[in-house]
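Topology and contacts: notes
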Amino acid sequence: MKRMEIAPGVHLSWDPAQKFNRCRVSIHFALPAKRETATAHALLPLVMERGYADCPDMTQLTKKLARLYGADLTVDARPMGANHNLCVSVTGIKDQFALEGEPLTQEYAELALGTAFHPYFVGETFDPEAVNIEKQMLKKALEDEVNEKRLYCQRQANREFFGDSPAGVRQEGYLEEVEGLTARQLTDAYYEMLRAASIELIVLGCGEAQTEAVKNALLEELSQVERAPAALAENMAMPRREPLYKTETFDTTQAKLCMLFTLGQPMQPEQLAAVRLAMALYGGSVTSRLFLNVRERDHLCYYCSSSFQSFTGSMAVNSGVEHADAARAEKAVLKELADLCDGPITDEELEDCRRSLLSGMTGLEDTLGGIETWYYMEVLRGGPIQSPDEARAALCAVTKEDVRAILRALTLSVSAFASDSQAWNVGTTKVSGSVSYAKQVYNATVTGPVGTTKTELSMTLYEKGIFGYTEVDSASATANDRTCAKSVSYAIKSGKSYKLTVTGKAYVDGKWDTVTKNFTASF
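Only a predicted model underlies this, so the values are computations on that prediction, with no experimental measurement involved.

Topic: the pairing of strand β17 (residues 468-479)
Alignment of strand β16 (residues 454-465) against β17, held across 11 bridges, turns out to be antiparallel. The residue bridging Ser458 from the neighbouring strand is Ser476, located in β17. Between β16 and β17, which follow one another and run antiparallel, lie 2 residues.

What about the sheet that holds strand β4 (residues 72-80)?
Each strand in a sheet pairs with another by means of backbone hydrogen bonds, the pair being arranged parallel or else antiparallel. Across the sheet, which stays open at both edges, the 6 strands sit in the order β1-β2-β8-β3-β5-β4 with mixed pairing between neighbours. Two strands lie at the open edges of the sheet, namely β1 (2-7) and β4, each paired on one side alone. Direction aside, the axes of adjacent strands within the sheet are offset by 20 degrees on average. Bridging between β4 and strand β5 (residues 83-93) involves 9 bridges; their strand directions are antiparallel. Following the sheet pairing, Met80 is matched in β5 by Asn83. Helix α1 (residues 38-48) rests against β3 (22-32), β4 and β5 of the sheet, and its axis sits at about 15 degrees to β5. In this fold helix α13 (residues 368-381) packs onto β1, β2 (10-15), β3, β4, β5 and β8 (198-204), with an angle of close to 25 degrees to the strand it touches most, β3.

Some thoughts on helix α2 (residues 58-67)
All buried positions along α2 are accounted for by Leu61, Lys64 and Leu65. What you see down the axis of α2 is that its buried residues fit within an arc of 95 degrees, all on one side. Of the exposed residues in α2, the ones pointing more than 90 degrees away from its buried face are Thr59, Thr62, Lys63, Ala66 and Arg67. On the buried face of α2, the contacting elements are β4 and α3 (104-117). Its side-chain oxygen 3.0 Å from the backbone nitrogen of Thr59, Asp57 forms the N-cap of α2.

Side note on the packing of aromatic side chains
According to the stated counting rule, one finds 9 aromatic pairs in the structure shown. Here Tyr190 and Tyr191 contribute two aromatic rings whose centre-to-centre distance is 5.3 Å and whose plane-to-plane angle is 55 degrees, an arrangement assigned as tilted. The exposure class assigned to Tyr190 is buried, which follows from its relative accessible area of 1%. For Tyr191, a relative accessible area of 40% translates into the label partly exposed. Connected via pairs of aromatic rings, a cluster forms that spans Phe121, Phe126, Tyr190 and Tyr191. Between Arg35 and the ring centre of Tyr174, over which it is positioned, the NZ or CZ distance is 3.5 Å. Sitting over the face of the ring of Tyr462, Lys499 holds its NZ or CZ atom 5.0 Å from the ring centroid.

Thoughts on the side chain of Lys215
Looking at the element boundaries, Lys215 is found in helix α8 (residues 208-222). Since its relative accessible area comes to 14%, Lys215 is described here as buried. A polar atom in the side chain of Lys215 sits 3.0 Å from the side chain of Glu212. If sequence neighbours within four positions are ignored, Lys215 has contacts with Ile6, Leu12 and Leu201.

Let's talk about the nonpolar core
Of all hydrophobic cores here, the largest spans 61 residues; its most connected members are Tyr282, Val317 and Leu407. Of all the elements, helix α9 (residues 272-282) adds the most residues to this core, at 10 residues. Leave out the neighbours within four places in its chain, and Val317 touches Leu257, Cys258, Met259, Phe261, Tyr282, Leu290, Cys304, Ser305, Ser306 and Val333. One finds Ala42, Leu86, Ala189 and Leu194 within the second-largest nonpolar core, a separate group that totals 57 residues.

What to know about the sheet that holds strand β15 (residues 441-447)
Sheet architecture is open: 3 strands sit in the order β14-β15-β18, paired in antiparallel fashion. Strand pairing shows two members of the sheet lacking a second neighbour, β14 (430-436) and β18 (483-489), which therefore form its edges. Each strand of the sheet is rotated relative to its neighbour by a mean of 5 degrees, with strand direction disregarded. Looking at chain direction, β14 and β15 are connected through 7 bridges and run antiparallel.

Considerations on the environment of Val203
With respect to the helices and strands, Val203 occurs in strand β8. Each C-alpha atom of the pair Val203 and Phe291 lies 39 Å from the other, and the pair is 88 residues apart in sequence. Each residue touching Val203, except ones within four places of it in the same chain, is listed here: Leu12, Ser13, Trp14, Asp15, Arg24, Thr211 and Val214.

Details of the pattern of salt bridges
Within this structure, the stated rule accounts for 33 salt bridges. The partner of Arg184 in a salt bridge is Asp188, and the shortest N-O contact between them spans 3.2 Å. Linking Arg184 with Asp188, this pair stays in helix α7 (residues 183-196), spanning 4 residues, or about one helical turn. A relative accessible area of 33% means that Arg184 is categorised as partly exposed. Of the residues examined, Asp188 reaches a relative accessible area of 41% and is grouped as partly exposed. Residue Arg392 pairs with Asp389 through a salt bridge whose shortest N-O separation is 2.4 Å. Residue Arg392 and its partner Asp389 are located together in helix α14 (residues 388-396), separated by 3 residues, close to a single helical turn.

Looking at the packing of α3 against α8
Running from amino to carboxyl end, α3 crosses α8 at an angle of 25 degrees, the nearest separation of the two axes being 10 Å. Accordingly, the angle class assigned to the pair α3 and α8 is roughly parallel. In this structure, α3 crosses over α8, and the sense of that crossing is right-handed. Contact with α3, carried on its side by Thr105, Ala109, Leu113 and Phe117, involves Gln210, Val214, Ala217, Leu218, Glu221 and Leu222 of α8 and no other residues of that element. Split into classes, the residues belonging to the contact of α3 with α8 amount to 7 nonpolar, 2 polar and 1 charged.

Criteria and cut-off values
Residues numbered from 1 in each chain as written. Predicted model: local features only at pLDDT ≥ 70, side-chain atom pairs only at ≥ 80, totals over all residues. Heavy atoms only, no water. Pairing = 2+ DSSP bridges. Helix = DSSP H or I, 4+ residues; strand = E, 2+ residues; numbered from the N terminus. Axes fitted to C-alpha atoms, helices over the stretch in contact; angles between N-to-C directions. Contact = heavy atoms within 4.5 Å. Buried < 20%, exposed > 50% of the residue type's maximum accessible area, 1.4 Å probe, protein only. Arc of directions from axis to C-beta. Polar contact = N/O pair within 3.5 Å; in protein donor to acceptor, adjacent residues only side chain to side chain. Phe/Tyr/Trp six-rings, centres within 6.5 Å; stacked < 30°, edge-to-face > 60°. Lys NZ or Arg CZ within 6 Å of the ring centre and 35° of its normal. Core = buried A, V, L, I, M, F, W, Y, C linked by side-chain atoms within 4.5 Å. Salt bridge = Lys/Arg side-chain N within 4 Å of Asp/Glu carboxyl O. Parallel < 35°, antiparallel > 145°, perpendicular 65-115°, else oblique. Left-handed = near helix turned anticlockwise from the far one by under 90°. Nonpolar A, V, L, I, M, F, W, Y, C, P; charged D, E, K, R; others polar.

See the structure below:
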């Protein structure tokens, strides 16, 4: 892979990838995530993928892709730590396989550039009708998050873990903001992306002359844009803290446990090989300690695995457990980590994990998408860009002590639990709440167990409308006692339905116990 800067904040990465019969043109836009535009940027790829100025609707776009021998257009967005990334990508067969000698690479470039720089506007904004359609799709996806308990538990843990830090921006969007988002706001977010993003043009499977033509076409488009690229957020890590325990109650047959650990300082690129092997040994493979011991030997969970986020220096352990086994499962997860830090690591298990990783890395360059993902991730991490061969060599050099150094640096920050039972780590924190039409108030109480020295509560009132629940009021309170209560006056309406979400926290025995409950009422 060759990489060069072709304009301020714009780079070209190119690989002829001659073994493939397909080629790929991708344009990546990366910029620091912002709370105020997060929902707009979450909606943007959905609207952009519907068509562009030369193909303003999905029917025309589908026909165009079919004429290009079934080419594929994707517009997607994903979080990269504290940065947001949007990618426009077109993949199709190479020119030499066209039946009538069509210049397919040129067509792919025009399609990608048209989607990225010439979206379909009605007047001076995105088509309001298309925006409204995709708003409903985004809204449904966000509403459905709670039905996928594994994802929900992970995201709730992330929200507690990152808090108000830049990595805590919900890049999937904020449900309460979707309905009010306008075509004008979406257009403003789009122009902000063009102006401030770092751009990576990745061309795979094309010859040098074709790549040069794609590069020049991109530069021509950029010459029409007033650019001011913003510096990307650097790799980060959350500071160490006393563990926070959060429980939410649902009607579920299988409870979900998500534990987040911090490295305490940003991961350095040279640590990545050791991190990969540490994760495989701890919980990232079928020969890992979590899989063999917590799942297979102790039968404490249906699944249990670990993963590492290099941009945020954080490790997540996700597991599905029986409701009654949550406390034992958490202890077992922590015990396996402690055993790897201070106990023996056999040569056999280390080499099993190393071979498994090396085998998986062998296939990284078997697809154009795999090549693109590998090198773009290397770009975003900073530091020297490693090829897969160089990464495999680095992995072969990792020692047991390198692995221990990574694992010893990890400390638990958040443990989130989604269950049908009450809080499991302390077990007796109670939360109650109600909405009263007669008294025109809503209220909540949290009561901690004996020994509680401080309690906190926060409550949010939602009113149900045509498009679901909308937040209408909120309040919070604290008390240096085992009980905290709050009552708030509000104009409760007849003929309406309300939902009150109450989160109560009790500080007892050096730990915060957190319980969240929903209460509904109709009048």
